[in-house]
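Chain by chain, the residues:
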Amino acid sequence: VLVQRVREAERGNVVAEYAGRKGTIISGTVSQVDRGSVIVKIGKTEGIIPPRELIFRDRFRIGEPIRALLKNVDENQKGPMLVLSRTDPDFVRRLFENEVPEIFERVVEIREVAREPGSRTKISVVSHDDRVDPVGACVGMKGSRVQAIVRELGGERMDIVAWSPDPKILISRALQPAKVLDVTLRETDEKRAEVVVPDDDLLRALGHRGGQNVRLAQKLT
């Protein structure tokens, strides 16, 4: 009974410490890899990254440092209560907050994140200061900031576009690197648009992996 009470108290301490940290990045070390899941040592407690929350390229060894988003604190789970994720779009959002001071200071804002984990992510950003270029701030000198995030994500491709309140401009930017000639919004359906691109840019606009570029652009806009 005493041991059980001690364990309950320890779990209560974990809940008290981490319940308010949901949606933030947690750092730890890999303590175990079991059936596709990664067990992470975080201070005096442990977290788990289920297989569905791991990027398909992730290959971690015991003792290796690891970062992930705290997605949930599950009090009913018998094992580690901290459920972590590396595939959640908010993981990318928090990485940019950590890497880009202008985002942390709210000078630059990430409006949307569209992600296919391990493959490609598109983000739209806007600056609240006319003197600050939002895309340049995220890319950094010689790409240093965005490359640090790409390395953390195992080489995931990153497209950063400037957000615009004009849907036509935003759609054109979201479809980069394709060149857009014209965008026509469907008057009968506000969530549809017809986009014209040069013939030799069609495949670039659609993207590999079954139309990934246009699929992410649709999510972003």
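Refer to the structure printed above.
Student: Before we move on, could you go through the overall build of the chain and cite the residues and values that matter?
Tutor: Along the chain, the regular secondary structure elements total eight helices and ten strands. Within the chain, residue pairs in contact and separated by at least 24 positions form 55% of the contacts whose partners lie at least 6 positions apart. Carbon and sulfur atoms provide 49% of the accessible area of the chain, an area that totals close to 13,100 Å². The distance from the centre of the 38 positive side-chain charges to the centre of the 34 negative ones in the chain is 5 Å.

Student: Which residues make up helix α8 (residues 208-220), and what are the values?
Tutor: Over its 13 residues, α8 extends 17 Å from the first C-alpha to the last, a length consistent with the 18 Å expected when each residue adds 1.5 Å. Roughly 30° is the biggest bend found in α8, and it falls at V214. Regarding α8, the residues found buried are G211, Q212, N213, L216, A217 and L220. For α8, the secondary structure elements touched by its buried residues are β6 (108-116), β7 (120-127), β8 (157-162), α6 (167-174) and α7 (202-206).

Student: For the layout of surface pockets, give the residues involved together with the corresponding values.
Tutor: In this structure, the largest pocket encloses a volume near 740 Å³. No other element matches α8, which puts four residues into the lining of the largest pocket. Taken together, the residues of the lining of the largest pocket break down into 16 nonpolar, three polar and ten charged. Broken down by secondary-structure element, the contributors of at least two residues to the lining of the second largest pocket are α1 (2-18), β2 (37-42) and β3 (45-49). Broken down by element, the residue count for the lining of the second largest pocket peaks at seven residues, all from α1.

Student: Break down the sheet that holds β6 for me, with residues and values.
Tutor: Taken in spatial order, the three strands of this open sheet run β6-β7-β8, and their pairing is mixed. Each having just a single partner strand, β6 and β8 make up the two edges of the open sheet. Ignoring strand direction, the axes of neighbouring strands in this sheet form an average angle of 20°. As paired elements, β7 and β8 share six bridges and run parallel to each other. For K122, the partnering residue across the bridge sits in β8 and is D159. Across the sheet, helix α2 (residues 89-99) is in contact with β6, β7 and β8; its angle to β6 comes to roughly 145°. Along the sheet face, α8 touches β6, β7 and β8 and points at about 140° away from the line of β6.

Student: Outline the side chain of E156, listing residues and values.
Tutor: With respect to the secondary-structure elements, E156 resides in the loop between α5 (144-152) and β8. There is a polar contact of 2.7 Å between the side chain of E156 and the backbone nitrogen of G118. A distance of 2.5 Å separates a polar atom in the side chain of E156 from a polar atom in the side chain of T121. Setting aside residues up to four positions removed in sequence, E156 forms contacts with I55, R57, R115, E116, P117, G118, S119, R120, T121 and V150.

Student: Describe in detail a nonpolar patch on the surface, supporting the description with residues and values.
Tutor: Residues L202, L203, L206 and V214 make up a contiguous nonpolar surface patch of roughly 370 Å² in combined accessible area. In terms of residue count, the dominant contributor to the nonpolar patch is α7 (three residues). Looking at where V214 falls in the secondary structure, it is placed in helix α8.

Student: Give me the pattern of salt bridges: which residues, what numbers.
Tutor: Going through the model one piece at a time under the given rule, you end up with 18 salt bridges. As a salt-bridge pair, R67 and E152 come within 3.3 Å of each other at their nearest N and O atoms. Here R67 is found in strand β4 (residues 65-73), whereas its partner E152 is found in helix α5, with 85 residues between them in sequence. Assessed through its relative accessible area of 28%, R67 is described here as partly exposed. R115 is the partner of E156 in a salt bridge, and the nearest nitrogen-oxygen pair spans 2.9 Å. A residue pair is termed long-range when its members are at least 10 positions apart, and E156 in the loop between α5 and β8 and R115 in strand β6 qualify at 41 residues. According to the relative accessible area criterion, E156 is buried, its value standing at 0%. The class of R115 is buried, set by a relative accessible area of 7%. What emerges from the salt-bridge pattern is a single network uniting R52, E53, K71 and D88.

The rules behind the values
Residues numbered from 1 in each chain as written. Predicted model: local features only at pLDDT ≥ 70, side-chain atom pairs only at ≥ 80, totals over all residues. Heavy atoms only, no water. Helix = DSSP H or I, 4+ residues; strand = E, 2+ residues; numbered from the N terminus. Contact = heavy atoms within 4.5 Å. Areas by Shrake-Rupley, 256 points an atom, 1.4 Å probe, with all protein chains shown as cover. Lys, Arg positive; Asp, Glu negative; His and termini not counted. Charge placed at Lys NZ, Arg CZ, Asp CG, Glu CD. Expected span 1.5 Å × (residues − 1). Bend = angle between axes of the 7 residues up to and from the residue. Buried < 20%, exposed > 50% of the residue type's maximum accessible area, 1.4 Å probe, protein only. 1 Å grid on protein atoms, 1.4 Å probe; cavity = no way out; pocket = protein on both sides within 12 Å on 5 of 7 lines; lining within 4 Å. Points joined across faces, edges and corners; volume = space filled by probe spheres on them. Nonpolar A, V, L, I, M, F, W, Y, C, P; charged D, E, K, R; others polar. Pairing = 2+ DSSP bridges. Axes fitted to C-alpha atoms, helices over the stretch in contact; angles between N-to-C directions. Polar contact = N/O pair within 3.5 Å; in protein donor to acceptor, adjacent residues only side chain to side chain. Patch = residues over 30% accessible without salt bridge, like charges linked within 9 Å, V, L, I, M, F, W, Y side chains within 5 Å. Salt bridge = Lys/Arg side-chain N within 4 Å of Asp/Glu carboxyl O.

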